[in-house]
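So the chains spell out like this:
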2 protein chains.
Amino acid sequence: MGTPMTATVTPIRREAQPSLDPIMALVAADMNAVNSVILARMQSDVPLIPELAGHLIAGGGKRMRPMLTLACAKLLDYAGERHHKLAATVEFIHTATLLHDDVVDQSGLRRGRSTANMIWGNAASVLVGDFLFSRSFELMVEDGSLRVLRILSNASAVIAEGEVNQLTAQRRIETSEERYLEIITAKTAVLFAAACRIAAVVAEREAAVEDALDQYGRYLGIAFQLVDDVIDYVSDGATMGKDAGDDFRDGKVTLPVILAYARAEAADRDFLREAIEGLRNEDEDLVRATGILRGTGALADTAARARLYAQRAIDALAGFPSGQAKSALIEAAQFAVARAY
Amino acid sequence: MGTPMTATVTPIRREAQPSLDPIMALVAADMNAVNSVILARMQSDVPLIPELAGHLIAGGGKRMRPMLTLACAKLLDYAGERHHKLAATVEFIHTATLLHDDVVDQSGLRRGRSTANMIWGNAASVLVGDFLFSRSFELMVEDGSLRVLRILSNASAVIAEGEVNQLTAQRRIETSEERYLEIITAKTAVLFAAACRIAAVVAEREAAVEDALDQYGRYLGIAFQLVDDVIDYVSDGATMGKDAGDDFRDGKVTLPVILAYARAEAADRDFLREAIEGLRNEDEDLVRATGILRGTGALADTAARARLYAQRAIDALAGFPSGQAKSALIEAAQFAVARAY
């Protein structure tokens, strides 16, 4: 971030670089089972379906959402296998959303690879997304829990609603911080929350446990998204797997832009408005925008907000017993925000 | 089926023009309840959602699929109200599919009106489609029948698979009649079948009744689609609510094209191939194509196949008691094919 931060009283580790290694190690065996379900259930007699789905699913994502289901199940000492199918379900919903997002955003690069819509076209991305979404519901029905179905069908509706909400906020610099938090809660945090919550359902734990895990996932999702917003202005496609400035060029009003617009001088405000309206989208415009976002402290403060949410996620785990699972979940939250440095 | 089979042969009427009036009258009160559910459940705090969904839902469709659920429930003397929510569910799935279809086909006109993607853009159509699809699952979960969830989630997956299958067959004149029937079964007939089948589920009738209604819906769906294929070459946008030649210009290989290609002389075969490959898509090309399709009897024979399927649909009702509901369902099948004259 360039700006030296003062020491604060926070359990979020600053001295060492937190990583996802502990959570990945925790769920490695379970994740193999989930991967088997994913591979088996993305098959179809129509070859384009596994081809296109495989491009995205095999594309090096962190599988953060199924990982959360598995890690939360470990936290609860769940000994069954139902969570394997349900974690695959969550990943299918996420993958379907990504396929449609890329069509909506006309993205060209995701995780450093060409997006499916660039290779196979928008039509295929829309329809294979629909297939994966339908298949996810089939998997849930096979599991047979109406409670899980309720949680995930509601999450899906909220996600779609959030996507439309974001679409209508697109290129509107007046978007408030509150509305933006609503949008990313719906777009990202709700599926993180559901992924964690269903672990409590399969483990047949009480409502308070469900709620605590929901909170952990929800705040973690917000933290991840806010850091992604920062990274979009400071990354390059080669090292971060995402084109810097994607959000900027799409006219997406993210929190760094909202904060900078509130603080910048008149000329810079005009520039930001024009940029978000699509009138300034050259490379040099991105450089100027990033300069404004840094100069006003908007990037640093977005990262600071992300740290607050990560801390809330960690706090939501307070009632759970210490152990490998809890430590791994805590470090995942630390990792989410450490990416912004 | 618990009902004595009658030996009565119900021939497809040719003398009078069959209509949907009887089935619409049969379900009018129920359909009001379904419309209330549809209107209530397409609402959202994001105004674009009811705006866009309303454009399509209020756009003058026949609501054929929910009508089938309601009419089949009448056939079984079902006295409850669960089918209202489920019929709305079926319409939401159908509407979501239409929204995505229009993006995939880049259509400009549906039922004589501009398509949503032309007015609001592809992004909005994709995302509102996703919302309606998710909402449909929420409605099913509220109903709480895992059997209904299984039927409709499976139907949704098959529909999406069929859409991808059709996409990969696009512009391929070698598509076989068998593959084409597979595609339209998946794309159209499976949801007709599911709409009918769920009536038997809510009425708690035995598997044979479910299967008979499934067959009725399935064959009716194929008949409707085949007649639509014919109409696409003989209608005009003003009178039929669909642009003539949409399929032709999209390079869609429908049954009339398959039959004509098998029968035409070399020069016409070459022309059809080039047309389907997108090299001949001017208005005069459509005129020539229609001439070939008429001259080879391909349009007439597609209509003849549609009549066979309509007859099979009617035959599937043989075991049900005579009455207003059965007559209305029979006339709906007669109507499906009468449109081709």
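All of these numbers come straight from a predicted model, not from anything done at the bench.

Parameters and conventions
Residues numbered from 1 in each chain as written. Chains lettered and ligands numbered in written order. Predicted model: local features only at pLDDT ≥ 70, side-chain atom pairs only at ≥ 80, totals over all residues. Heavy atoms only, no water. Helix = DSSP H or I, 4+ residues; strand = E, 2+ residues; numbered from the N terminus. Rg over C-alpha atoms; globule rule 2.2 N^0.38 Å. Buried < 20%, exposed > 50% of the residue type's maximum accessible area, 1.4 Å probe, protein only. Contact = heavy atoms within 4.5 Å. Areas by Shrake-Rupley, 256 points an atom, 1.4 Å probe, with all protein chains shown as cover. Lys, Arg positive; Asp, Glu negative; His and termini not counted. Charge placed at Lys NZ, Arg CZ, Asp CG, Glu CD. Phe/Tyr/Trp six-rings, centres within 6.5 Å; stacked < 30°, edge-to-face > 60°. Least-squares fit on C-alpha atoms with pLDDT ≥ 70 in both. Bend = angle between axes of the 7 residues up to and from the residue. Core = buried A, V, L, I, M, F, W, Y, C linked by side-chain atoms within 4.5 Å. Buried area = accessible area lost by both parts, 1.4 Å probe. Salt bridge = Lys/Arg side-chain N within 4 Å of Asp/Glu carboxyl O. Polar contact = N/O pair within 3.5 Å; in protein donor to acceptor, adjacent residues only side chain to side chain. Nonpolar A, V, L, I, M, F, W, Y, C, P; charged D, E, K, R; others polar. pLDDT = per-residue confidence, 0-100. Axes fitted to C-alpha atoms, helices over the stretch in contact; angles between N-to-C directions. Parallel < 35°, antiparallel > 145°, perpendicular 65-115°, else oblique. Left-handed = near helix turned anticlockwise from the far one by under 90°. Disulfide = S-S within 2.5 Å. Expected span 1.5 Å × (residues − 1). Arc of directions from axis to C-beta.

Along the backbone of chain A there are 16 helices and two strands. Against the 2.2 N^0.38 benchmark of 20 Å for 341 residues, chain A shows a C-alpha radius of gyration of 20 Å, consistent with a compact globule. Along the three orthogonal principal directions, the C-alpha set of chain A runs to about 60 × 50 × 30 Å. In chain A, which comprises 341 residues, the proportion classed as buried is 62%. Considering only contacts within chain A whose residues lie at least 6 apart along the sequence, 76% involve residues at least 24 apart. Summed over its atoms, the accessible surface of chain A is roughly 13000 Å², and 49% of this surface lies on carbon and sulfur atoms. Across chain A, 36 positive and 46 negative side-chain charges occur, with their mean positions spaced 3 Å apart.

This brings us to the packing of aromatic side chains. All names here are of chain B. Tallied over the entire structure, the rule returns twelve aromatic pairs over all chains. Ring centres of Tyr 219 and Tyr 309 lie 6.0 Å apart, and the angle between their planes is 35°; on these two criteria the pair is classed as tilted. One end of the pair, Tyr 219, is in helix 10 (residues 207-234); the other, Tyr 309, is in helix 16 (residues 298-315), and 90 residues separate them in sequence. Classification of Tyr 219 as buried rests on a relative accessible area of 16%. Considering the side-chain rings of Phe 224 and Phe 335, the 6.3 Å spacing of their centres and the 55° angle between planes classify their relative orientation as tilted. Residue Phe 224 is found in helix 10, and its partner Phe 335 is found in helix 17 (residues 324-338); the two are separated by 111 residues along the sequence.

Each of the two copies of the chain can be brought onto the other by a rotation about an axis and a shift along it. When chain A is fitted to chain B, the residual RMSD is 0.0 Å, and the transformation amounts to a turn of 180° plus an axial shift of 0.0 Å. Within this description, the copies of the chain are treated as partners about a two-fold rotation axis. Most of the interface of chain A is mirrored in chain B: 100% of its interface residues are interface residues there too.

With that out of the way, let us pick up helix 1 (residues 21-41) of chain A. Since there are 3.6 residues in each turn of an α-helix, residues three or four apart along the chain are aligned in direction. Along helix 1 of chain A, the sharpest change in direction is near 65° and occurs at Ala 28 of chain A. When helix 1 of chain A is considered as a whole, its buried residues turn out to be Ile 23, Leu 26, Val 27, Asp 30, Met 31, Val 34, Val 37 and Ile 38 of chain A.

All right, on to the nonpolar core then. Grouped together as the largest cluster of nonpolar side chains are 253 residues, with contacts concentrated most on Leu 213, Tyr 216 and Leu 220 of chain A together with Leu 213, Tyr 216 and Leu 220 of chain B. If sequence neighbours within four positions are ignored, Tyr 216 of chain B has contacts with Leu 68, Cys 196, Ala 313, Ala 316, Leu 317, Leu 329, Ala 332 and Ala 333 of chain B.

Accessible area lost during the coming together of the parts is what is often quoted as the interface size. Between chain A and chain B, the contact holds 36 residues from the first and 36 residues from the second. With both sides pooled, the region where chain A packs onto chain B buries about 3200 Å², and carbon together with sulfur makes up 77% of that total. Applying the counting criterion to the chain A and chain B interface returns zero salt bridges. Across the contact surface, chain A and chain B share eight residue pairs in polar contact (both at pLDDT 80 or more). Among the secondary structure elements, those contributing two or more residues to the side of chain A that touches chain B are helix 2 (48-57), helix 4 (82-105), helix 6 (122-143) and helix 7 (146-169) of chain A. Per-element accounting of the side of chain A that touches chain B gives the leading share, 14 residues, to helix 7 of chain A. Residue classes in the side of chain A that touches chain B are distributed as 20 nonpolar, nine polar and seven charged.

We now examine the pattern of salt bridges. The tally for this structure, following the rule as stated, stands at 44 salt bridges over all chains. For Arg 339 of chain A, the salt bridge is made with Asp 228 of chain A, and the minimal N-O distance between the two is 3.0 Å. Taken together, the positions of Arg 339 of chain A in the segment after helix 16 (324-338) and Asp 228 of chain A in helix 9 (residues 207-234) put the pair 111 residues apart, joining distant regions of the chain. With its nearest N and O atoms 3.0 Å apart, the salt bridge here joins Asp 214 of chain B to Arg 218 of chain B. In this pair, Asp 214 of chain B and Arg 218 of chain B are both assigned in helix 10, four residues apart and thus about one turn of the helix distant. Taking the relative accessible area as the measure of exposure, Asp 214 of chain B reaches 9% and is therefore buried. On the basis of relative accessible area, Arg 218 of chain B is assigned to the partly exposed category, the value being 27%.

This next bit is on the confidence of the model for chain A. Residues and elements named next belong to chain A. When pLDDT is averaged along chain A, the result is 90; 91% of the residues meet or exceed 70. When mean pLDDT is compared element by element in chain A, helix 3 (residues 64-75) scores highest at 98, while helix 10 (residues 237-240) scores lowest at 50. Within the model, the stretch residues 1-10 combines pLDDT values under 50 with ten contacts to residues more than four positions away or in other chains.

Before going further, it helps to spend a moment on the packing of helix 2 (residues 28-41) of chain B against helix 5 (residues 82-105) of chain B. Residue and element names in this part refer to chain B. Running from amino to carboxyl end, helix 2 crosses helix 5 at an angle of 60°, the nearest separation of the two axes being 8 Å. Relative to helix 5, the element helix 2 lies oblique. Like other packed secondary-structure pairs, helix 2 and helix 5 cross with a definite hand, here right-handed. Here Asp 30, Ala 33, Val 34, Val 37, Ile 38 and Arg 41 of helix 2 come into contact with helix 5, specifically with His 83, His 84, Lys 85, Ala 87, Ala 88, Glu 91 and Phe 92. Taken together, the residues of the contact of helix 2 with helix 5 sort by class into seven nonpolar, two polar and four charged.

Let's shift gears to unusual backbone geometry. Despite not being glycine, Arg 63 of chain A has its phi angle at roughly 50°, a positive value. Inspection of the secondary structure puts Arg 63 of chain A in the loop between helix 2 and helix 3. The class of Arg 63 of chain A is buried, set by a relative accessible area of 16%. Of note, Arg 171 of chain B is a non-glycine position whose phi angle comes to about 65°, a positive value. Relative to the helices and strands, Arg 171 of chain B is located in the loop between helix 8 (146-169) and helix 9 (177-202).

All names here are of chain A. The buried category is assigned to Arg 339, whose relative accessible area is 18%. One polar contact links Arg 339 to Asp 228, side chain to side chain, over a distance of 3.0 Å. There is a polar contact of 3.0 Å between the side chain of Arg 339 and the backbone oxygen of Ala 336. Excluding anything up to four places from it in sequence, Arg 339 contacts Phe 224, Val 227, Asp 228 and Ile 231.

The next point concerns the environment of Glu 163 of chain A. The topology assignment puts Glu 163 of chain A in helix 7. Along the sequence, Glu 163 of chain A and Lys 187 of chain A sit 24 residues apart, while their C-alpha atoms lie 6.1 Å from each other. If we skip the residues at most four places from it in the chain, Glu 163 of chain A touches Thr 97, Asp 101 and Lys 187 of chain A together with Leu 127 of chain B.

What follows concerns the state of the cysteines. For the structure shown, the criterion picks out zero disulfides over all chains. We note that Cys 196 of chain A lacks a disulfide partner, and the nearest cysteine sulfur, in Cys 72 of chain A, lies 3.7 Å from it.

Right, let's talk about helix 14 (residues 283-295) of chain A for a bit. Residues and elements named next belong to chain A. Between its first and last C-alpha atoms helix 14 spans 18 Å; for 13 residues at 1.5 Å apiece the expected length is 18 Å, and the two agree. Among all positions of helix 14, only Asp 285, Leu 286, Ala 289, Thr 290, Ile 292 and Leu 293 are buried. Seen end-on, helix 14 carries its buried residues on one side only, within an arc spanning 160°. Along helix 14, the residues that are exposed and aim more than 90 degrees away from the buried face are Asp 283, Glu 284, Val 287 and Gly 295. Those residues of helix 14 that are buried lie in contact with helix 9, helix 11 (246-249), helix 12 (255-263), helix 13 (266-276) and helix 15 (298-316). Remark: Gly 297 follows helix 14 within two positions and exhibits a positive phi of approximately 75°.

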